[in-house]
Amino acid sequence: MTGRDIFISVDLKDLSWATPLIEKFGLGIEIVDFSRPFILDHAFNKTLEEWHRVLEKLPSETRKMLHGPFYDLYPFSRDEKLRLLAQERYRQASRAAQILGCKSIVFHSGYLPCISNPDYSDAWIEGNYPFWCDLIREFSSLNYLIENMWDPRPAHLMTLCKKVNSDRLGICFDIGHANAYSKLSAHDWLEMLGASVHHVHANDNHGAHDEELELGAGTVDSPTLGLHLGPMSRVGITIEVIGYEGALQTYNVIKSL
C-alpha cells in the first residue's frame, strides 16, 4: 500500500469480519488481546501461538502494532509495589510486541484530571520520565506511543515527550477520547500537538463517553480534522471501530480526508 499507513484495531475474535478489510485495503493491524489482564496472566503463550498462526495466513507485508494493557495501571504510582506491577505489565506487553514483530506499541497516559492539586501535572511528568527512558532503552526495536484517555489538555503529554527527547516516543491522539473527555476540540488538540503526534486512533462518539462509533456517527467534526490530518501523511491512523460496516465507513472517511 502506498500513502498513509492505515491500521485496524483487532483481537482474535474480530478477525472473522476484519480479515476481508485487511486483505482488500492492505490494512495494518493493531493487536489488542495483550491489553487484557486475563490473557497476560492465564493465556499469554497460548495467545502468542494463536497470533503466530494468524499472521502466517495474512499477507506477508501486513504491518503490525500492539495496544498495551491499561486497566488500573499507573507506572508512576507513589506506591512502589503498584508501580512495579504496572511497569512489569508494560514490559510483558512489550515482549509480546517484539515476539510478534510489531513496530510500535500504544499505552494510555493514566493521567487523572480529577486530581486537582496544582502540582499534579509536574508530578505526573517527573514520575513518568525515568520509566519511559528505561523502557525505550530496554526495548530498542519498539516505538512507543502514549495515548490520551481522560486527559483534558495535551500540555503534559508534550512536555514528557520533549523531556524524554527520543524519536521513538510520541503521542497517539485518540479522536474519540478528546471528544468525550476534553473541552478542547480534536482540531485544537491536533493544532497544539503538532509534530508530537506519531499516530491517531479514529472513532466517534456523542461527547459523553467513549463509544468507538464510526466516524460520522457522532459529534466529531471529521471535515475539520482533515485540515490537520490531510497534510500529516507520515502519521498512521488506526480504525478503532467494531464491526465490518462501521470500520468500512471509517476507512472511507479517512481516505476522503
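Refer to the structure presented above.
Structural notes, computed from the coordinates. Worth saying up front: this structure is predicted, and the values here are computed from it rather than measured. Going along each chain's sequence as written, the residues are numbered from 1 onward. At least 70 in pLDDT is required for a residue's local features to be given in this predicted model, at least 80 for side-chain atom pairs to be given and counted, and no such filter applies to totals for whole chains, interfaces and linings, which use all residues. In computing side-chain properties, one takes all heavy atoms of the structure into account and sets aside hydrogens as well as water.

Quick word on the overall build of the chain
Helices and strands together make up the secondary structure of the chain, namely 10 helices and 8 strands. Here the radius of gyration uses the C-alpha set of atoms, whereas the globule reference equals 2.2 Å times the residue count to the power 0.38. Its C-alpha radius of gyration of 17 Å places the chain within 12% of the 18 Å reference for a compact globule of 257 residues. When the backbone C-alpha atoms are referred to their principal axes, the chain occupies close to 50 × 45 × 30 Å. The buried share of the chain, reckoned over its 257 residues, is 54%. Only carbon and sulfur atoms are counted for the fraction: they give 52% of the accessible area of the chain, which is about 11800 Å². Asp and Glu count as negative and Lys and Arg as positive, but His and the ends of the chain are not part of the count. A charged residue contributes its charge at one atom only: NZ of Lys, CZ of Arg, CG of Asp or CD of Glu. Across the chain, 24 positive and 34 negative side-chain charges occur, with their mean positions spaced 5 Å apart. Labels follow the DSSP assignment, with helices taken as runs of H or I lasting at least four residues and strands as runs of E lasting at least two, numbered in each case from the N terminus. The rule is simple: take the accessible area with a 1.4 Å probe, protein chains only, and divide by the maximum for that residue type; under 20% is buried, over 50% is exposed, in between is partly exposed. Residue-level accessible areas treat just the shown protein chains as cover; the underlying method is Shrake-Rupley with a 1.4 Å probe.

A look at the pattern of salt bridges
Opposite charge on two side chains permits pairing when their charged atoms draw close. In what follows, salt bridge is the name for a side-chain nitrogen of Lys or Arg lying within 4 Å of a carboxyl oxygen of Asp or Glu. Overall, the coordinates contain 9 salt bridges when judged by the stated rule. For Asp11, the salt bridge is made with Arg36, and the minimal N-O distance between the two is 2.9 Å. Here Arg36 lies in the loop between β2 (28–31) and α2 (37–42) and Asp11 lies in the loop between β1 (6–10) and α1 (15–25), a separation of 25 residues in the sequence. The class for Asp11 is buried, based on a relative accessible area of 3%. For Arg36, a relative accessible area of 30% corresponds to the partly exposed category. Notably, a salt bridge pairs Arg91 with Glu138, separated by 2.7 Å at the nearest N-O pair. With a gap of 47 residues between them, Arg91 in helix α4 (residues 80–99) and Glu138 in helix α5 (residues 120–138) connect regions that are remote in the sequence. The class for Arg91 is buried, based on a relative accessible area of 18%. Each of the salt bridges in this network shares a partner with another, and the network as a whole consists of Asp11, Lys13, Asp14 and Arg36.

Brief notes about the state of the cysteines
Disulfides are defined as cysteine sulfur pairs within 2.5 Å. Scanning the entire structure with this criterion turns up 0 disulfides. Its sulfur unpaired, Cys172 is 11 Å from the next cysteine sulfur, which belongs to Cys161.

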